[in-house]
Amino acid sequence: MATVYFKSPILSKNVKVEAVAGERSTLLGVAQTNNVKIPCECENGECGSCMVKVTHLDGDRIKGVMLTDKERNVLKSLGKLPKHEDERAQVKDIPPTYRLACQTIVTDEDLLVEFTGEPGGA
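Draft legend 1. Quick peek at empty space enclosed by the protein. Across all of its chains, the model carries 1 cavity of 30 Å³ or more by this definition. Here the largest cavity defines a volume of roughly 80 Å³. For the largest cavity, the full set of lining residues is V54, H56, V65, P95, P96, R99, T104, I105, V106, T107, E109 and L111. Residues of the lining of the largest cavity, tallied by class, amount to 7 nonpolar, 3 polar and 2 charged.

So this is what it looks like as structure tokens:
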């Protein structure tokens, strides 16, 4: 079980939801199920409209999550994947700060997910 907090200026207050890690839901799927409107256009990891900032709330217990090539390329093109975070993701599977909500699988860790409400804005 994971607790996911969504924070955005377009929300009247932060939204707290429980997500079942075994369901292999994406952050976007969890958001949509709970009526949180993260902008999204393609839902396929190609456009970058669903970019979010993810903070892991379990301290050093960050789950290893591999970036897809699509997600890596989009984050790089948006200038949101610094070289040190890319290397850390490739070598240790430590996820970067910015992610695409449609590509990020929810694991059993608590997360704060921030987005502006504008496509591609995190």
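Draft legend 2. The arrangement of the pattern of salt bridges in detail. Tallying each qualifying case throughout the model produces 3 salt bridges. A salt bridge links E71 to R99, with the nearest nitrogen and oxygen atoms 2.8 Å apart. Taken together, the residues span a long stretch of sequence, with E71 in helix α2 (residues 69-77) and R99 in strand β4 (residues 98-100) at a distance of 28 residues. Of the residues examined, E71 reaches a relative accessible area of 0% and is grouped as buried. Judged by relative accessible area, which is 3%, R99 ranks as buried. Residue K76 pairs with D86 through a salt bridge whose shortest N-O separation is 3.2 Å. One end of the pair, K76, is in helix α2; the other, D86, is in helix α3 (residues 83-92), with 10 residues separating them in the sequence. On the basis of relative accessibility, which here comes to 7%, the residue D86 falls in the buried class. One salt-bridge network, in which partners are shared between bridges, spans R72, K76 and D86.

Draft legend 3. Representation of the packing of aromatic side chains within the structure. Tallied over the full model, the rule gives 0 aromatic pairs. Here the guanidinium or amino end of K80 rests over the ring plane of Y98, the centre of that ring lying 4.5 Å away.

Draft legend 4. The side chain of Q103, seen in detail. The topology assignment puts Q103 in the loop between β4 and β5 (111-114). The buried category is assigned to Q103, whose relative accessible area is 18%.

Draft legend 5. Representation of the sheet that holds strand β1 (residues 2-7) in the model. Within the open sheet, the 5 strands sit side by side as β2-β1-β5-β3-β4. Their pairing is mixed. What marks the edges here is a single partner per strand, and that holds for β2 (15-19) and β4. The average angle at which neighbouring strand axes cross in this sheet is 35°, direction not considered. In this sheet, β2 lies alongside β1 in antiparallel orientation, the contact comprising 5 bridges. Across the sheet, residue F6 finds its bridge partner in β2, namely V15.

Draft legend 6. Geometry of α3. Where α3 is concerned, the buried positions are E85, D86 and A89. On an axial view of α3, the arc spanned by its buried residues comes to 105°, and they lie on one face. Seen from the open side of α3, the exposed residues pointing more than 90 degrees away from its buried face are K83, H84, V91 and K92. D93 lies just past α3 and shows a positive phi near 55°.

Calculation notes
The residue count restarts for each chain, going from 1 along the sequence in the order it is written. Confidence filtering applies because this is a predicted model: local features only for residues at pLDDT of at least 70, side-chain atom pairs given and counted only at 80 or more, and all residues used for totals across whole chains, interfaces and linings. Excluded from the side-chain calculation are hydrogens and water; included are all heavy atoms of the structure. For each structure, a 1 Å grid was placed over the protein atoms alone; sets of points admitting a 1.4 Å probe that cannot get out are labelled cavities, open sets with protein on both sides within 12 Å along at least five of seven lines are labelled pockets, and lining residues have an atom within 4 Å of a point. Grid points are joined across faces, edges and corners, and a volume is the space filled by probe spheres set on the points. Charged means Asp, Glu, Lys or Arg here, nonpolar means Ala, Val, Leu, Ile, Met, Phe, Trp, Tyr, Cys or Pro, and polar covers whatever is left, Gly included. For this analysis, a salt bridge means a side-chain nitrogen from Lys or Arg found within 4 Å of a carboxyl oxygen belonging to Asp or Glu. Numbering of helices and strands runs from the N terminus; a helix is a DSSP stretch of H or I covering at least four residues, while a strand is a stretch of E covering at least two. For every residue, the accessible area (1.4 Å probe, protein chains only) is compared with the maximum for its type, and the residue is labelled buried under 20%, exposed over 50%, or partly exposed between those bounds. Classification of ring pairs rests on two measures: the distance between centres of Phe, Tyr or Trp rings, Trp counted by its six-membered ring, which must be within 6.5 Å, and the angle between planes, read as stacked under 30 degrees, edge-to-face over 60 and tilted in between. Each ring is checked for a lysine NZ or an arginine CZ that lies within 6 Å of its centre and within 35 degrees of its normal; such an atom marks a charge sitting over the ring. Between any two strands, pairing holds if DSSP finds at least two bridges. Helix axes are fitted only over the stretch in contact, all axes being lines through C-alpha atoms; the angle between N-to-C directions runs from 0 to 180 degrees. The directions from the helix axis to the C-beta atoms are what the arc is built from.

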